[in-house]
Amino acid sequence: MTARTPSSEGLPPFVPGRTAVRRDIARGRVWSAMPYTVLADDGATLTLAARPGIESLVPDSWTTAQRTGNAADRMRGIDGLAAGHWELDSWTWRDTVTLGHFTAGEPFSVHRFLTPEGRPLRWYVNFELPYRRTAIGIDTLDLYLDLVIAPDLSTHTWKDEDEYAQARRLGLIDETTHRQVDLARDRALAQLRDRTGPFAPDPAAWTLPPPGPLPVLPATTLSTPAATWA
């Protein structure tokens with residue numbers, strides 16, 4: 001049995017089966033919030049699952065961009081984040097099951113997207129601030145850059161580099177964070193190449209979560225104190 005040790009924040013690991021809320025925090029406010037089901041947690045590595053039907057909170061600029069498919073609407077969302085102006089909207093996760101693997105201290109998480117029946121669709125590396133634990137889950141902030149990988153790990157494509165560049169221009173990503181992301185890109189590609197870390201052969205780590213009720217956002221989603229990054 002893997003030992004379950006307290007995190008660096010002094011909070012105990014989450015119990016498998018309970019709800020953990022992943023929040024994006026910007027300027028001390030919630031930018032997005034989504035509830036997940038905890039699959040495993042050893043105090044350093046956290047595995048979460050989301051299924052179709054989960055209700056989340058996202059910036060209204062994001063829901064607008066999803067409806068229109070307009071790149072300009074996506075960019076306006078970044079402008080709003082830089083200016084500190086956004087409103088939260090409801091969004092229902094749909095179509096896919098996602099399993100997310102979060103490693104303490106890493107500025108990226110690794111996700112596997114599956115159909116509800118369990119057929120692999122793609123891998124996804126999301127670059128973000130290293131997670132911090134809270135009483136209700138984890139806090140981070142998406143850094144826009146993503147790596148999309150074929151289901152069999154044979155090919156990969158960088159995604160949203162234009163949004164990342166815009167966030168840099170607006171000062172949302174400073175030079176220190178940019179250097180950390182560059183190093184993280186290399187680490188993620190090395191893990192992919194060597195089939196290590198989240199990409200190591202381990203079918204049990206990426207199986208469908210057991211059936212059960214969908215997790216929901218707690219009433220304290222917006223009032224729980226936000227994590228900070230030094």
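On a predicted model such as this, the values are computed, not experimentally measured, just so you know.

(A) Fine view of the overall build of the protein. Looking only at helices and strands, one finds four helices and twelve strands in the protein. The C-alpha atoms of the protein give a radius of gyration of 17 Å, which matches the 17 Å a tight globule of 230 residues would have. Dimensions of the protein, computed from C-alpha atoms along their principal axes, come out at roughly 45 × 40 × 35 Å. Looking at the protein as a whole, 48% of its 230 residues qualify as buried.

(B) Molecular detail of the pairing of strand β11 (residues 142-149). Of all eight residues in β11, six are buried; the element is thus mostly enclosed. In terms of strand pairing, strand β8 (residues 120-128) meets β11 through five bridges, oriented antiparallel. Counted as the bridge partner of valine 125 is leucine 147 from β11. Here β11 pairs with strand β12 (residues 156-159) via four bridges, running antiparallel. Within β12, the position partnered with isoleucine 149 by the bridge is histidine 156. Hairpin connection of β11 to β12: six residues between the antiparallel strands, including leucine 153 at a positive phi of 70°.

(C) Spotlight on the pattern of salt bridges. On inspection of all chains with the given rule, the structure shows 13 salt bridges. Arginine 22 is the partner of aspartate 24 in a salt bridge, and the nearest nitrogen-oxygen pair spans 2.6 Å. Owing to a relative accessible area of 10%, arginine 22 belongs among the buried residues under this scheme. Arginine 23 is the partner of aspartate 139 in a salt bridge, and the nearest nitrogen-oxygen pair spans 2.8 Å. Within this pair, whereas aspartate 139 is found in strand β10 (residues 137-140), its partner arginine 23 is found in strand β1 (residues 19-26), the two being separated by 116 residues in sequence. Judged on exposure class, the residue aspartate 139 and its partner arginine 23 are both buried. By sharing partners, the salt bridges in this structure join Arg74, Lys159, Asp160, Asp162 and Glu163 into a single network.

(D) Layout of the packing of helix α1 (residues 60-68) against helix α2 (residues 71-83). Interaxial distance between α1 and α2 falls to 8 Å at its minimum, and their mutual angle equals 175°. By the angle class used here, α1 and α2 are roughly antiparallel. Residue-level inspection shows Ser61, Thr64, Ala65 and Thr68 of α1 in contact with α2, the latter providing Asp73, Arg74 and Gly77. Each residue belonging to the contact of α1 with α2 can be placed in one class, and the counts come to one nonpolar, four polar and two charged.

(E) Quick look at the nonpolar core. In terms of nonpolar packing, the biggest core is built from 32 residues, with Val125, Phe127, Ile149 and Phe199 touching the most fellow members. Residue assignment for this core shows that the elements contributing at least two residues are α2, β6 (97-103), β7 (108-114), β8, β11, α3 (161-169) and α4 (175-194). Among the elements that make up this core, the one with the highest residue count is β11 (five residues). Once residues lying within four places of it in the same chain are set aside, the contact partners of valine 125 are Phe108, Ser109, Val110, Leu145, Asp146, Leu147, Ile149, Ala188 and Phe199. Membership of the second largest hydrophobic core comes to 15 residues, among which are Ala50, Ile54, Trp93 and Tyr131.

Cut-offs and rules
- Residues numbered from 1 in each chain as written.
- Predicted model: local features only at pLDDT ≥ 70, side-chain atom pairs only at ≥ 80, totals over all residues.
- Heavy atoms only, no water.
- Helix = DSSP H or I, 4+ residues; strand = E, 2+ residues; numbered from the N terminus.
- Rg over C-alpha atoms; globule rule 2.2 N^0.38 Å.
- Buried < 20%, exposed > 50% of the residue type's maximum accessible area, 1.4 Å probe, protein only.
- Pairing = 2+ DSSP bridges.
- Salt bridge = Lys/Arg side-chain N within 4 Å of Asp/Glu carboxyl O.
- Axes fitted to C-alpha atoms, helices over the stretch in contact; angles between N-to-C directions.
- Parallel < 35°, antiparallel > 145°, perpendicular 65-115°, else oblique.
- Contact = heavy atoms within 4.5 Å.
- Nonpolar A, V, L, I, M, F, W, Y, C, P; charged D, E, K, R; others polar.
- Core = buried A, V, L, I, M, F, W, Y, C linked by side-chain atoms within 4.5 Å.

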